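So the chains spell out like this:
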Amino acid sequence: MYVIESKGGTITCMLLALLFLGTWPAIMTLTERRGRLPQHTYLDYTLTNLLAAVIIAFTLGEISPSRPNFTTQLSQDNWPSVMFAMAGGIFLSLGTLATQYALAFVGLSVTEVITASIAVVIGTTLNYFLDDRINRAEVLFPGVACFLIAVCFGSAVHKSNAADNKSKLQGFKSLETTSSFQMETSSIKEGKAKVGTADFLIEVEKQRAIKVFGKSTIIGLAITFFAGICFSLISPAVSLATNDQWHTLKHGVPKLNVYTAFFYFSISSFGVGLILNIIFLYWPILGLPRSSFKAYLNDWNGRGWSFLAGFLCGFGNGLQFMGGQAAGYAAAGAVQALPLVSTFWGILLFGEYKRSSRKTYTLLISMLFMFIAAVAVLMASSGHRK
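Here the residue index of a chain counts from 1 through its sequence in written order. Residues qualify for local features only when their pLDDT is at least 70, as the model is predicted, and side-chain atom pairs are given and counted only at 80 or more; totals for whole chains, interfaces and linings, by contrast, use all residues. Water and hydrogen atoms play no part in the side-chain values, which are based on all heavy atoms of the structure.

In the annotation of an unreviewed UniProt entry, the protein chain is listed under the name Ureide permease and assigned to Arabidopsis thaliana x Arabidopsis arenosa. UniProt positions are given in the numbering used here, feature names are shortened, and annotations may be inferred rather than shown by experiment. Its UniProt record gives the protein chain a comment under Sequence similarities (unreviewed entry), which states: "Belongs to the plant ureide permease (TC 2.A.7.19) family." The heading Subcellular location (unreviewed entry) in the UniProt record of the protein chain holds the text "Membrane".

Enquirer: I'd like a description of the environment of L50, backed by residues and values.
Expert: Runs of E in the DSSP output that reach at least two residues are strands. Runs of H or I that reach at least four are helices, and both are numbered from the N terminus. With respect to the element layout, L50 can be found in helix α2 (residues 38-59). The cut-offs for exposure are 20% and 50% of the maximum accessible area for each residue type, with area from a 1.4 Å probe on protein chains only; residues under the lower value are buried, those over the upper are exposed, and the others partly exposed. A relative accessible area of 15% means that L50 is categorised as buried. C-alpha separation for the pair L50 and G310, spaced 260 residues apart in sequence, amounts to 8.0 Å. If we ignore the near neighbours within four places in the chain, the residues touching L50 are S266, I267 and F270. By definition in these notes, contact holds between two residues if any of their heavy atoms fall within 4.5 Å.

Enquirer: Would you mind going over the pattern of salt bridges in detail, with residue names and values included?
Expert: Salt bridge criterion: a side-chain nitrogen from Lys or Arg within 4 Å of a carboxyl oxygen from Asp or Glu. Inspection of the entire model under this criterion finds 5 salt bridges. Measuring nitrogen to oxygen at the nearest pair gives 2.9 Å for the salt bridge that ties E32 to R208. With E32 in helix α1 (residues 7-33) and R208 in the loop between α8 (198-207) and α9 (217-232), the pair connects residues that are 176 residues apart, well separated along the chain. For R36, the salt bridge goes to D299, with nearest N and O atoms at 3.1 Å. Residue R36 is found in the loop between α1 and α2, and its partner D299 is found in the loop between α12 (293-298) and α13 (303-327); the two are separated by 263 residues along the sequence. The pair formed by R36 and D299 is uniform in burial state, with each residue classed as buried.

Enquirer: How would you sum up a nonpolar patch on the surface? Please name residues and give values.
Expert: On the surface, I122, L126 and I229 cluster together into a nonpolar patch covering about 220 Å² of accessible area. With respect to the helices and strands, I122 occurs in helix α5 (residues 108-130). Any residue with relative accessible area above 30% and no salt bridge may belong to a patch, with like charges joined within 9 Å and the nonpolar Val, Leu, Ile, Met, Phe, Trp and Tyr side chains within 5 Å. The protein chains shown are the only cover counted for residues, whose accessible areas, like all others here, come from Shrake-Rupley with a 1.4 Å probe.

Enquirer: Hey, could you go over the environment of Q245 for me, with residue numbers and the actual values?
Expert: Along the chain, Q245 turns up in the loop between α10 (234-243) and α11 (258-282). The sequence separation of Q245 and L130 amounts to 115 residues, and the corresponding C-alpha distance is 6.6 Å. Filtering out sequence-adjacent residues up to four positions away, Q245 remains in contact with L130, D131, S239 and L240. Here a polar contact means two N or O atoms within 3.5 Å. Within protein one must be a hydrogen donor candidate and the other an acceptor candidate, and residues neighboring in sequence count only if both atoms are side-chain atoms. There is a polar contact of 3.0 Å between the side chain of Q245 and the backbone oxygen of L130.

Enquirer: Can you break down unusual backbone geometry residue by residue, with the values?
Expert: Across residues other than glycine, the phi torsion is negative in most instances, and most of the peptide bonds are trans. With a phi close to 50°, D244 is a non-glycine residue in the positive phi region. You can see D244 is positioned in the loop between α10 and α11. Notably, L286 is not glycine yet its phi reads approximately 55°, a positive angle. As for its position among the elements, L286 is in the loop between α11 and α12. L286 gets classed as partly exposed once you look at its relative accessible area, which sits at 29%.

Enquirer: Any chance you could break down the side chain of N161 for me, citing the residues and the numbers?
Expert: Secondary-structure assignment places N161 in helix α6 (residues 137-168). Residue N161 is classed as buried on the basis of its relative accessible area of 15%. Sequence-distant contacts of N161, defined by excluding residues within four places in its chain, comprise Y353, S356 and T360.

Written out as structure tokens, the structure is:
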């Protein structure tokens with residue numbers, strides 16, 4: 001198997017993971033806003049997410065014959081570590097599923113900031129103790145505190161932006177009372193609704209799959225916090241799978257390499273995602289229309305984007321775990337800088353915060369500043385696994 005032995009290699013893995021993990025939520029948001037059912041998107045996503053793990057396992061996991069390779073470990077008596085890896089996959093599936101719905105309610109940038117910050121606050125603390133404290137605590141935990149502050153700012157940004165949108169829509173009693181003639185004349189007058197205006201918000205609401213107008217902001221935040229808790233338990237589970245800190249393996253049985261752990265991790269994530277989303281096809285939640293497996297197979301609108309999201313998430317997680325195994329999973333929490341990427345996509349692709357109030361902009365800048373500071377501090381706390 002391929003082993004990262006240089007700091008440069010670790011940083012490269014982290015930067016690529018940051019880019020990939022910050023981009024796939026933007027793609028899911030894009031397909032949802034174009035009207036594709038989230039169940040259809042997730043079923044496509046979970047296929048390529050698993051395929052990414054298979055590719056990594058049979059390439060990087062098979063490079064060197066001097067260590068236990070991927071295929072060798074498939075027949076070893078390492079089931080306790082396999083169970084930890086599969087538990088991490090379950091957390092990923094539940095967290096991703098919750099994120100997909102939270103993106104519609106809360107928005108791309110705030111969802112990613114809150115989930116990533118919770119993942120760092122809980123996950124980094126757990127990983128610090130699991131990794132035998134190889135990261136510098138005096139640097140690590142101030143970084144965790146910065147992430148916690150970012151959570152507070154993220155919630156405030158969402159509340160302020162929701163108030164801004166409400167004020168923009170004061171001229172419309174409800175979405176249902178907005179006539180198609182009103183929309184058409186607006187489009188004729190302006191050619192296209194300007195980003196950030198009431199007309200733009202209504203057009204997005206009419207086209208998107210998940211209808212959010214009139215829904216409580218508490219619902220969106222509750223889903224977001226649940227996703228963050230799920231994500232926070234992923235890397236501790238993978239750390240236990242690859243390092244056996246609780247000594248669950250029999251004497252003489254090699255520890256799981258990161259590629260074998262990631263393979264089992266992805267298998268369980270695939271299974272849970274497949275089962276839940278097939279159920280949601282026939283018994284949808286949050287007011288979504290009922291679908292069927294046949295309808296899913298025939299829905300090619302946005303399928304390529306959904307496949308891309310799965311690949312990005314799969315390769316991003318694989319790179320994150322490779323870097324965490326090399327430098328410590330606590331420091332690998334720096335990858336949770338992904339909201340910096342997703343906020344960029346949110347503003348560029350979806351016009352988030354366009355024509356918002358000065359208060360919202362101030363909170364947004366404060367949130368991003370705390371986030372950048374937190375990432376810098378976490379990177380400074382990196383250790384080296386012996």
